[in-house]
2 protein chains.
Amino acid sequence: MDKKELQEQRMKGYFIDATKEILKSEGLKSLSVRNIAEKAGYSFATLYNYFPDVKHLVFYCVRDFREECRAYVQSRLEGVTKGKKRIRAIVLAYMEYFVQYPGIFELFFIEKLSDIDHQKETAGLIVHFLQELCEEDWAVCAAKKVYTDVDIQLKQSQLSIITTGILVLYMHRNTPGNYKACISLVNAQMDQILN
Amino acid sequence: MDKKELQEQRMKGYFIDATKEILKSEGLKSLSVRNIAEKAGYSFATLYNYFPDVKHLVFYCVRDFREECRAYVQSRLEGVTKGKKRIRAIVLAYMEYFVQYPGIFELFFIEKLSDIDHQKETAGLIVHFLQELCEEDWAVCAAKKVYTDVDIQLKQSQLSIITTGILVLYMHRNTPGNYKACISLVNAQMDQILN
DNA sequence: TTTATTTTATGAACAGTGTTCAGTAATTTT
DNA sequence: AAAATTACTGAACACTGTTCATAAAATAAA
C-alpha cells in the first residue's frame, strides 16, 4: 500500500520534473507528450498510466512553480522593511520571475484551464498568489493604519489586474518595447496605487 | 494586371471571411486550415497560394475585427456627452465586445504574434486600439483642461493595462466569477482613473 | 522453485494538426 | 486549335494527443 503510493509518486515526479524542465527552457509550445516522456526516460504511453491527460500533468507544475517563484521573490527581500516598501519589492521580483521564464508566464496567465475538475482550484492558486505573497505586508499596513481595510481590498485587486495587464502587454504585445521601460511603467503604476 | 489583383483580393477575402466566421463562433482552438478551406469552398492546399501560412491569414482578421469592434462601440455611444463620461462608455462597450466573442479576445490579447514581418504592426494595431477609440474624448478633456497632458498619457496607459488585465483574469481565470462583478470592477477602476 | 496472477510499460494505430509538392485542370496567349 | 501560363488539389510528411492490445516485469500462490 505505502510502497505502491511512494512508487507512484516517484513516477509522477519524473514526468512532472521533465515537464517543468521543458516549460522553463523551451516553453509551452515546445511541450509534447513524447517530449516529456523521453526526458523522463519512459514511453509516451506510460505517462497515461499516471495522468489522465497532459493538461493535468502541466497544471501539477503550477504548484511547483508557485513555490519556486515564492523562493525567488523572498530571496530579493532581505533588508527591505515590511509594508508599502516591501509590497513594491515583491511585485517587482514577482514580475521579474515571469519575464525570466516566458513558459511559466504563459502557463500562469495565458493557458486556458479547460479541465473542469481542478480548473477553479488551479485558477485560484494563480490569481491569489501575488496577494498571498504580500499578505504580511498588507497586514502591517492595516495595523499601522496606513490604509483602511476597504482601501487594501481595492489596492490588492488593482495589483492583481495591473501586474497581469502589464505582463501580457509586455510579453505578448511588445509594449513597452524594452524591459527597462516595463519596470518604469510598473513603478509608475505602483506610485499611483500605493501613493 | 488590375483584374488579377481584384481576383486575388477576392480569393483572400473568401479565406479571411471563413476564418472570421470560425473565430467568432468556435474560437481559435477550433480553427484549422482544412476547416477554413472547407468553409471558403476550396481545398486546404489552395490557401497556401494566397497566404504564406495560417498565422498570416489569422492576423489579417485583426484589421476587420478592429473595425467591427469600432462600429459596436460607436453604436453604444449615442447621446453620451464627449469627455470623461464617453471614455467610460467606450471602455465598457469595448470590453463587452471581447466578452461576447472569446475567440476574438484570444486573437487580440492572448495569441502570440510570432511572425517577424508584421508582428510589430499587428501588435500596434491591437495595443493602440482603445486609445484610438478614445482619442477625441481625451482631446476634449485636454481642451477643457480637465487633465494635464502628462496626466492624460498616464491615464491612457492605465486604461490599456487595466482593460487587458481585467479581460485576461475574467476570461481565462474566471475572476471575478460573473459578468456583473466584472463590470463593477471595471467601473471601480474607472472611478479611480478618471476620478 | 515453479506456476499463476496481477501490475506496469510499451509500440502500433487512429484521428487530428500545418505544410510541401508533383500533377491535374482551367485559363490565357499565341 | 495548340502551346504556355496560371490556378487548384490530393497525396504525403512530420508532427500532435490519446487509446488499446500486448509484452514484460513484479508479485502471489502452489
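Conventions adopted
Residues numbered from 1 in each chain as written. Chains lettered and ligands numbered in written order. Predicted model: local features only at pLDDT ≥ 70, side-chain atom pairs only at ≥ 80, totals over all residues. Heavy atoms only, no water. UniProt positions renumbered as here; feature names shortened; annotations may be inferred. Helix = DSSP H or I, 4+ residues; strand = E, 2+ residues; numbered from the N terminus. Near = heavy atom within 4 Å. Polar contact = N/O pair within 3.5 Å; in protein donor to acceptor, adjacent residues only side chain to side chain. Domains from an automatic or database assignment. Contact = heavy atoms within 4.5 Å. Buried area = accessible area lost by both parts, 1.4 Å probe. Salt bridge = Lys/Arg side-chain N within 4 Å of Asp/Glu carboxyl O. Nonpolar A, V, L, I, M, F, W, Y, C, P; charged D, E, K, R; others polar. 1 Å grid on protein atoms, 1.4 Å probe; cavity = no way out; pocket = protein on both sides within 12 Å on 5 of 7 lines; lining within 4 Å. Points joined across faces, edges and corners; volume = space filled by probe spheres on them. Least-squares fit on C-alpha atoms with pLDDT ≥ 70 in both.

Now for the UniProt feature "DNA-binding region" (unreviewed entry) in chain A. Mapped onto this numbering, the UniProt entry gives "DNA-binding region" (unreviewed entry) at residues 32-51 of chain A. Taken end to end, residues 32-51 of chain A comprises 60% helix and 0% strand; its first and last C-alpha atoms sit 14 Å apart.

With that out of the way, let us pick up the protein's contact with DNA strand D. Taken together, 19 residues lie near DNA strand D, and A:Val33, A:Tyr48, B:Ala45, B:Thr46 and B:Tyr50 sit nearest. Within the side chain of A:Tyr48, an N or O atom sits 2.8 Å from a phosphate oxygen of DNA strand D. Between DNA strand D and B:Tyr50, the relevant distance is 2.3 Å, taken from a phosphate oxygen to a side-chain nitrogen or oxygen of the residue. Sorting the residues of the surface near DNA strand D by element identifies helix H2 (33-40) and helix H3 (44-47) of chain A together with helix H1 (2-25) and helix H3 (44-47) of chain B as the ones contributing at least two each. Here the element with the most residues in the surface near DNA strand D is H3(B); it accounts for three residues.

This part takes up the domain arrangement of chain A. All names here are of chain A. By the assigned domains, chain A splits into domain 1 (1-51) and domain 2 (54-194). Centre-to-centre separation of domain 1 and domain 2, based on C-alpha positions: 27 Å. Taken together, the contacts link 14 residues of domain 1 with 14 residues of domain 2. Summing the contributions of domain 1 and of domain 2, the shared interface buries around 1300 Å²; its carbon and sulfur component is 77%. Our count for the domain 1 to domain 2 interface comes out at two salt bridges. Our count for the contact surface shared by domain 1 and domain 2 stands at two residue pairs in polar contact (both at pLDDT 80 or more). Secondary-structure elements contributing two or more residues to the side of domain 1 that touches domain 2 are helix H1 (2-25) and H2. With seven residues, H1 is the single largest residue contributor to the side of domain 1 that touches domain 2. Class assignment of the residues belonging to the side of domain 1 that touches domain 2 gives a composition of nine nonpolar, two polar and three charged.

Another point: the layout of surface pockets. Put simply, the largest pocket is a space of about 980 Å³. As for the largest pocket, its lining consists of 29 residues, and the residues nearest its centre are A:Ile110, A:Glu111, B:Lys29, B:Ile110 and B:Glu111. Sorting the residues of the lining of the largest pocket by element identifies helix H4 (54-75) and helix H6 (102-110) of chain A together with helix H4 (54-75) and helix H6 (102-110) of chain B as the ones contributing at least two each. Here the second largest pocket is characterised by a volume of approximately 330 Å³. Forming the walls of the second largest pocket are 17 residues, and the residues nearest its centre are A:Gln131, A:Gln156, A:Ser157, A:Ser160 and B:Thr175. Going through the elements one at a time, helix H8 (129-143) and helix H9 (149-173) of chain A together with helix H10 (179-194) of chain B are the ones with two or more residues in the lining of the second largest pocket. Per-element accounting of the lining of the second largest pocket gives the leading share, six residues, to H9(A). Split by residue class, the lining of the second largest pocket holds ten nonpolar, seven polar and no charged.

Turning to the relation of the copies chain B and chain A, a few remarks are in order. In summary, the two copies of the chain are related to each other by a rotation about an axis coupled with a shift along it. In the superposition of chain B on chain A (RMSD 0.1 Å, axial shift 0.0 Å), the rotation amounts to 180 degrees. Expressed as a symmetry operation, the mapping of one chain copy onto the other fits a two-fold axis. When each C-alpha of chain B is compared by its distance to the rotation axis, B:Gly165 comes out closest, at 1.8 Å. By residue overlap, the copies meet face to face through one surface: 100% of the interface positions of chain B are interface positions in chain A.

Let's shift gears to unusual backbone geometry. Between A:Thr175 and the following residue, A:Pro176, the backbone shows a cis peptide bond with an omega angle of 0 degrees. Within the secondary structure, A:Pro176 sits in the loop between H9 and helix H10 (179-194). Despite not being glycine, B:Asn174 shows a phi value in the positive range, around 55 degrees. When you line up the elements, B:Asn174 lands in the loop between helix H9 (149-173) and H10.

At the interface, 31 residues of chain B touch 31 residues of chain A. Between chain B and chain A, roughly 2700 Å² of surface is buried when both sides are summed, and carbon and sulfur atoms account for 59% of that area. Counting across the chain B and chain A interface gives two salt bridges. Here chain B is connected to chain A by twelve residue pairs in polar contact (both at pLDDT 80 or more). For the side of chain B that touches chain A, the elements supplying multiple residues, two or more each, are H6, helix H7 (119-127), H9 and H10 of chain B. No other element matches the 13 residues that H9(B) contributes to the side of chain B that touches chain A.

Surveying the vicinity of DNA strand C reveals 19 residues, the closest of which are A:Ala45, A:Thr46, A:Tyr50, B:Val33 and B:Tyr48. Considering DNA strand C, the proportion of its atoms within 4 Å of the protein that are sugar or phosphate atoms stands at 55%. Within the side chain of A:Thr46, one N or O atom sits 2.7 Å away from a phosphate oxygen of DNA strand C. Here a phosphate oxygen of DNA strand C and a side-chain polar atom of B:Ser32 are 3.2 Å apart. Within the residue set of the surface near DNA strand C, elements represented by two or more residues are H1 and H3 of chain A together with helix H2 (33-40) and H3 of chain B. No other element matches H3(A), which puts three residues into the surface near DNA strand C.

Right, let's talk about the UniProt feature "domain: HTH tetR-type" (unreviewed entry) in chain A for a bit. Sites flagged by UniProt as "domain: HTH tetR-type" (unreviewed entry) map to residues 9-69 of chain A. Here residues 9-69 of chain A is 74% helix and 0% strand, with 23 Å between the C-alpha atoms at its ends.

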